[in-house]
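Observations on chain architecture
Chain residues, written in single-letter form:
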Amino acid sequence: KRVAILISGRGSNMSALIEAAKVPNYPAEVVVVIANKADAAGLAAARAEGIEAIAIPHRDFISKAEHEAAVSAALHAANADVVCLAGYMRLISPEFVRQWEGRMLNIHPSLLPLFRGLHTHEQVLASGMRVHGCTVHFVTEGMDEGPAIAQTAVAVKTGDTPATLAERVLSVEHETYARALALVASGKATMHEGRTVFSD
Ligand code: GRF
């Protein structure tokens, strides 16, 4: 499967997917990286791997619809089959979601459905929970609401700060995303009527 990755910043999850796709028989290849910010560090990292990397700054467009049309054109030009949002900090419109439903993934730094939205590490610390983690899910119209494909839990440790927690979660995000993308690209995980269906 041909995979497009959308980023806004550092792109460590993007880099992890690029690495995973180098393994023989991995069922996906990364064909393009698109950033909504010209200064996204991930663009240079993708180019260093010989992968087409395009900046399509949202601030260059007068509306979300125009920006998404430009992104959509780049996705079709690359013949992408699957879109991976990785640290992509824009909300996707319902129209765009519908075009890619079942073929668009996102990674969120919490064990959904707990702690949707931003500042999840602060939310976890405030909640007193002793576990935290990340979720890769299919993107649906609601923010951070799509059915999960893969999750990994980590311990919350005494003395944790949002930064130490974020670091521990990020370290498991990379293998979680690689595992989730392989499931979707190989057809072992599909979205059906709003649920993830797993088959071997
Ligand atoms: C990560 O915490 C990820 O969970 C969230 O964005 C953050 C940055 O990810 N989606 P990356 O290093 O840009 O992939």
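Below: a short report on this structure. Remember, it's a predicted structure, so these values are computed and weren't measured experimentally. (Residues numbered from 1 in each chain as written. Predicted model: local features only at pLDDT ≥ 70, side-chain atom pairs only at ≥ 80, totals over all residues. Heavy atoms only, no water.)

1. Focus on the site of the ligand
The environment of the ligand is formed by Arg-10, Gly-11, Ser-12, Asn-13, Gly-87, Ile-107, Pro-109, Leu-170 and Glu-173. The separation between an oxygen atom of the ligand and a polar main-chain atom of Gly-11 is 3.0 Å. Within the backbone of Ile-107, an N or O atom sits 3.2 Å from a nitrogen atom of the ligand. When the ligand is considered free in solution it has 370 Å² of accessible area, and contact with the protein chains removes 84% of it. One can see that the ligand is located within the largest pocket. For the shell around the ligand, the secondary structure elements donating two or more residues are helix H1 (12-20) and helix H6 (162-185). Of the residues belonging to the shell around the ligand, the class tally is 3 nonpolar, 4 polar and 2 charged. (Near = heavy atom within 4 Å. Polar contact = N/O pair within 3.5 Å; in protein donor to acceptor, adjacent residues only side chain to side chain. Areas by Shrake-Rupley, 256 points an atom, 1.4 Å probe, with all protein chains shown as cover. 1 Å grid on protein atoms, 1.4 Å probe; cavity = no way out; pocket = protein on both sides within 12 Å on 5 of 7 lines; lining within 4 Å. Sits in = over half its atoms within 2 Å of the grid points. Helix = DSSP H or I, 4+ residues; strand = E, 2+ residues; numbered from the N terminus. Nonpolar A, V, L, I, M, F, W, Y, C, P; charged D, E, K, R; others polar.)

2. With respect to the layout of surface pockets
As a volume, the largest pocket reaches approximately 900 Å³. For the lining of the largest pocket, the secondary structure elements donating two or more residues are H1, strand S5 (104-108), helix H5 (120-127) and H6. Its residues assigned to classes, the lining of the largest pocket comprises 15 nonpolar, 15 polar and 6 charged. (Points joined across faces, edges and corners; volume = space filled by probe spheres on them.)

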